[in-house]
Amino acid sequence: MKKAVTAKTSSAMKTNGASPSRMIDGRIKELGDWRGDMLGRIRGLIKEADPDVVEEWKWRGVPVWEHDGIICTGETYKAVVKMTFAKGAALDDPAGLFNSSLEGNVRRAIDIREGDKINEKALKALIRAAVELNASKAKKKPAKKRST
């Protein structure tokens, strides 16, 4: 009989007991190039926009930032650092930051290439909007009824 492995268990096995923040530190250092610098910069902007953000390490090595649900992920590829906003399709993007995953009904992403400039003010506004959206959804969830 196969034993089911939950996402939490899988993530814990991958981190070898290290905190998600330490795992993200390690990823930034491990990259050792512009992608690590960019991931670190994005991480700093996320923390500035939402000082209460919670860092997670999921899906076998993806940095995730949460506040009442997932705000965004920070994936690194050969040519891009990708910030995927979990509920990006529901967010206003007046600065036009979203440039990837535009066809989906839920997510939106920002692909950042080497040498790209970040509109920090617009990115922080987008992060705050994602936090507000998560908070509004969290408040609307009905309380679970307890059986007696």
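Residues numbered from 1 in each chain as written. Predicted model: local features only at pLDDT ≥ 70, side-chain atom pairs only at ≥ 80, totals over all residues. Heavy atoms only, no water.

## A few points about the pattern of salt bridges
- Summed over all chains, the structure comprises nine salt bridges.
- When the shortest N-O distance is used, the salt bridge between Asp33 and Arg35 registers 3.0 Å.
- Where Glu55 meets Arg43, a salt bridge forms, and the shortest distance between an N and an O atom there is 2.6 Å. Within this pair, whereas Glu55 is found in strand E1 (residues 54–58), its partner Arg43 is found in helix H3 (residues 34–49), the two being separated by twelve residues in sequence. Accessibility classification places Glu55 together with Arg43 in one group, the buried group. (Salt bridge = Lys/Arg side-chain N within 4 Å of Asp/Glu carboxyl O. Helix = DSSP H or I, 4+ residues; strand = E, 2+ residues; numbered from the N terminus. Buried < 20%, exposed > 50% of the residue type's maximum accessible area, 1.4 Å probe, protein only.)

## A word on the packing of aromatic side chains
- A complete count under the given rule lists one aromatic pair for this structure.
- Ring geometry for Phe85 versus Phe98: centroids 5.5 Å apart, planes at 80°, classification edge-to-face. Residue Phe85 is found in strand E4 (residues 80–85), and its partner Phe98 is found in the loop between E4 and strand E5 (108–113); the two are separated by 13 residues along the sequence.
- Residue classification places Phe85 among the buried positions, given a relative accessible area of 1%.
- The class for Phe98 is buried, based on a relative accessible area of 10%. (Phe/Tyr/Trp six-rings, centres within 6.5 Å; stacked < 30°, edge-to-face > 60°.)

## Topic: the confidence of the model for the protein
- Scored by pLDDT, the protein comes out at a mean of 87, with 83% of its residues at no less than 70.
- The least confident element of the protein is helix H1 (residues 7–15), whose mean pLDDT is 39; the most confident is E5, at 98. (pLDDT = per-residue confidence, 0-100.)

## Observations regarding the side chain of Glu66
- Structurally, Glu66 can be placed in strand E2 (residues 62–66).
- Here the side chain of Glu66 touches Lys58 through a polar contact of 2.5 Å, side chain to side chain.
- The residues contacting Glu66, other than those within four sequence positions of it, are Val53, Val54, Glu56, Lys58 and Ile71. (Polar contact = N/O pair within 3.5 Å; in protein donor to acceptor, adjacent residues only side chain to side chain. Contact = heavy atoms within 4.5 Å.)

## Section: the sheet that holds strand E3 (residues 70–76)
- Taken together, five strands build an open sheet; the order of strands is E1-E2-E3-E4-E5 and the sheet is antiparallel. Single-partner strands in this sheet number two, and they are E1 and E5. Going across the sheet, the axis of each strand differs from the next one's by a mean of 20°, ignoring polarity.
- Pairing between E2 and E3: three bridges, direction antiparallel. What sits directly across from Val64, in E3, is Thr73. (Pairing = 2+ DSSP bridges. Axes fitted to C-alpha atoms, helices over the stretch in contact; angles between N-to-C directions.)

## Section: the nonpolar core
- Ile42, Ile46, Ile71, Met83, Phe85, Ile110 and Leu123 are the most contacted members of the largest nonpolar core, which has 32 residues in total.
- Secondary structure elements with two or more residues in this core: helix H2 (20–31), H3, E3, E4, E5 and helix H4 (120–140). (Core = buried A, V, L, I, M, F, W, Y, C linked by side-chain atoms within 4.5 Å.)

## Digging into the environment of Ile127
- The topology assignment puts Ile127 in helix H4.
- Residues Ile127 and Ile46, 81 residues apart in the sequence, show an inter-C-alpha distance of 6.7 Å.
- If we skip the residues at most four places from it in the chain, Ile127 touches Leu45, Ile46, Ala49, Ile71 and Phe85.

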